[in-house]
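What follows is each chain in one-letter form.
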Amino acid sequence: MPPDESVGRDPLFQYDDPIFADERLLEITHLPGPDRIVGRDEQMQRVAEALNPAIFGSEPTHLFIFGKTGTGKSLISRSVTQRVITEADRDGITVKYAFIDCGEQNTEAAIVKTIGQAVNEPDRSGVSIPDRGLGTGDYYKRLWQAVDACTDVTIVILDEIDMLEDDEVLRKLSRAGENRRISDSRVGIIGISNKIDFPDGLSERVKSSLARDELVFPPYDATQLVDILEKRRDAFHEGVLTDDVIPLTSALAAQEHGDARKAIDILRNAGRLAKKGNDALVAEEHVRAAKEKTEADRFNELIEGSPQQAKAILYALTLLTENSISEEFPTKVIYSQYKGIAGRLGLDALSERRVQEILQELNFLNVIQSEREGRGRGRGAHAKHRLLEDPSIVKKVLLRDSRLSTLDA
Ligand SMILES: Nc1ncnc2c1ncn2[C@@H]1O[C@H](COP(=O)(O)OP(=O)(O)O)[C@@H](O)[C@H]1O
Ligand SMILES: [Mg+2]
């Protein structure tokens with residue numbers, strides 16, 4: 001850095017990054033431009049067909065999108081919606097959108113409020129949409145006023161829609177026009193889920209009232225992941241990535257299913273590890289360490305909010321998995337291992353029935369996989385459970401808990 005530039009800079013911090021030219025390109029919230037999107041032409045076309053009427057101010061076709069994590073569902077929905085907004089604007093049509101993460105906002109009132117706030121311009125609608133204090137019915141009223149006054153078309157993207165507490169909001173949104181809640185405006189819904197069987201869980205009322213198209217996003221293969229990462233190469237300074245970094249990252253991310261999120265996270269963590277180690281180049285060893293870190297972080301996200309009892313149960317399953325050639329264990333076996341661990345931790349041991357319930361919850365969190373054997377015999381008692389992540393990673397994450405860390409002797 002030339003001396004004149006550093007005048008006045010606080011020497012506590014580092015000002016030029018030796019590894020990253022623009023790390024933001026690798027952030028999950030970053031929306032890459034169309035030229036950086038690879039291998040989703042067909043899916044983009046289908047989303048565009050569903051949203052196409054919005055360009056003329058007409059009602060879009062509602063659309064449900066399914067596929068495993070990291071297959072580009074959120075990205076393609078946001079990207080195509082953005083392009084619709086731009087195209088519509090050329091003809092003086094106002095399209096707005098709200099992106100709802102149903103994992104964070106799963107109640108009807110919260111969702112209606114968020115959509116309202118995304119589209120509302122108080123000067124035009126004459127209403128404000130406060131953060132709290134209104135009942136669900138009043139939030140709806142203001143939402144319809146805002147939608148009518150401020151938009152021609154509103155596109156509502158409901159991400160992780162399977163986490164919705166109550167699907168009534170779907171029915172109301174999809175019926176808004178018919179029921180004359182809104183008169184000058186249209187609403188289109190994109191529902192996104194990692195669960196392919198999601199519509200089975202919808203109530204009959206919603207299923208029958210919500211006419212929709214459905215679309216499946218397949219996982220990427222390693223070659224597609226290479227292409228995706230190549231288009232983000234400029235996140236790094238030129239020459240910093242050694243030749244095998246992108247192919248190795250892609251191969252590792254494709255191991256379970258081709259997951260672009262995992263690939264990008266590994267690449268970013270590899271760069272961070274190189275930087276932390278003061279290494280000038282990102283190399284294979286950084287990628288391998290980054291894979292471990294990425295998996296541990298992901299797993300940590302899944303369980304960090306879980307109570308210590310749940311962690312103790314998971315620890316029991318982890319020990320069993322480590323010390324046995326079998327991968328699946330019946331509740332009974334996990335329970336007796338758990339009782340010993342609870343004792344060592346000074347926790348009151350839960351009943352076997354309660355442990356079974358917690359295993360079910362972990363199953364729901366996609367931390368373990370539970371299968372019931374010989375259907376119908378004593379609910380859950382004969383279930384078998386399997387860890388979905390490498391036991392060494394699970395162990396590392398569990399031992400981050402201050403209480404469980406005492407087990408590491
Ligand atoms: N086809 C693609 N081209 C470029 N980047 C992609 C592609 N698909 C996914 N990504 C990137 O991978 C990450 C995960 O994608 P995302 O859309 O969140 O997946 P999903 O919603 O299916 O879990 C994001 O950072 C996204 O930008
Ligand atoms: Mg997503």
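Residues numbered from 1 in each chain as written. Chains lettered and ligands numbered in written order. Predicted model: local features only at pLDDT ≥ 70, side-chain atom pairs only at ≥ 80, totals over all residues. Heavy atoms only, no water.

A. A look at the sheet that holds strand 8 (residues 383–387). Across the sheet, which stays open at both edges, the 3 strands sit in the order 6-8-7 with antiparallel pairing between neighbours. Strand pairing shows two members of the sheet lacking a second neighbour, strand 6 (328–330) and strand 7 (368–372), which therefore form its edges. If you compare each strand with its neighbour and ignore which way they point, the axes differ by 30 degrees on average. Inspection of the sheet shows strand 7 paired to strand 8 by 5 bridges, in the antiparallel sense. (Pairing = 2+ DSSP bridges. Helix = DSSP H or I, 4+ residues; strand = E, 2+ residues; numbered from the N terminus. Axes fitted to C-alpha atoms, helices over the stretch in contact; angles between N-to-C directions.)

B. View of the site of ligand 1. Within the structure, ligand 1 sits among 20 residues, and Val38, Gly70, Lys73, Ser74 and Tyr220 are positioned closest to it. Take serine 74: an N or O atom from its side chain is 2.8 Å from an oxygen atom of ligand 1. With respect to ligand 1, the side chain of arginine 261 contributes an N or O atom lying 3.2 Å from an oxygen atom. For the shell around ligand 1, the secondary-structure elements that each account for two or more residues are helix 3 (73–90) and helix 11 (260–276). Of the residues that constitute the shell around ligand 1, the class distribution is 9 nonpolar, 5 polar and 6 charged. Two domains each donate at least three residues to the shell around ligand 1, and these are domain 1 (3–21 + 221–302) and domain 2 (40–216). (Near = heavy atom within 4 Å. Polar contact = N/O pair within 3.5 Å; in protein donor to acceptor, adjacent residues only side chain to side chain. Nonpolar A, V, L, I, M, F, W, Y, C, P; charged D, E, K, R; others polar. Domains from an automatic or database assignment.)

C. Representation of unusual backbone geometry. Even without being a glycine, glutamate 160 presents a positive backbone phi close to 55 degrees. In this fold, glutamate 160 is placed in the loop between strand 3 (153–159) and helix 7 (168–175). In this structure glutamate 160 comes out as partly exposed when scored by relative accessible area, which is 27%. One non-glycine residue, asparagine 278, lies in positive phi territory at about 55 degrees. (Buried < 20%, exposed > 50% of the residue type's maximum accessible area, 1.4 Å probe, protein only.)

D. Layout of the sheet that holds strand 2 (residues 95–101). With parallel pairing, 5 strands are arranged side by side in an open sheet as 2-3-4-1-5. Looking at the sheet topology across the chains shown, the edges are occupied by strand 2 and strand 5 (212–216). Recorded for the sheet is a direction-independent mean angle of 15 degrees between the axes of neighbouring strands. Here strand 1 (residues 62–66) runs beside strand 5; their pairing, made up of 5 bridges, is parallel. When the bridges of strand 5 are listed, phenylalanine 66 appears paired with valine 216.

E. Layout of the pattern of salt bridges. Scanning all chains against the criterion turns up 29 salt bridges. With a closest N to O distance of 2.9 Å, arginine 36 and aspartate 234 form a salt bridge. Here aspartate 234 lies in the loop between helix 9 (222–230) and helix 10 (245–253) and arginine 36 lies in the loop between helix 1 (3–6) and helix 2 (41–51), a separation of 198 residues in the sequence. For aspartate 234, a relative accessible area of 40% translates into the label partly exposed. When the shortest N-O distance is used, the salt bridge between glutamate 295 and lysine 262 registers 2.9 Å. One end of the pair, glutamate 295, is in helix 12 (residues 284–303); the other, lysine 262, is in helix 11, with 33 residues separating them in the sequence. In this structure, a network of salt bridges that share partners links the residues Glu23, Glu27, Arg268 and Arg272. (Salt bridge = Lys/Arg side-chain N within 4 Å of Asp/Glu carboxyl O.)

F. Region of interest: the domain arrangement of the chain. As far as domains go, the chain holds domain 1 (3–21 + 221–302), domain 2 (40–216) and domain 3 (304–407). Taken over C-alpha atoms, the centre of domain 2 sits 39 Å from the centre of domain 3.

G. Up close: the environment of lysine 293. Structurally, the position occupied by lysine 293 is in helix 12. For lysine 293, a relative accessible area of 35% translates into the label partly exposed.

H. Quick peek at the nonpolar core. Core analysis: the biggest nonpolar cluster contains 34 residues, and Leu314, Tyr315, Ile334, Tyr338, Ile341 and Ile368 have the highest contact counts within it. Elements that contribute at least two residues to this core include exactly helix 12, helix 13 (308–322), helix 14 (331–345), helix 15 (352–364) and helix 16 (391–398). Examining the composition of this core, we find that 9 residues originate from one element, helix 13, more than from any other. Those residues in contact with leucine 314 that lie beyond four places of it in its chain are Phe299, Ile303, Leu362, Val367, Ile368, Leu387, Val394 and Leu398. (Core = buried A, V, L, I, M, F, W, Y, C linked by side-chain atoms within 4.5 Å. Contact = heavy atoms within 4.5 Å.)

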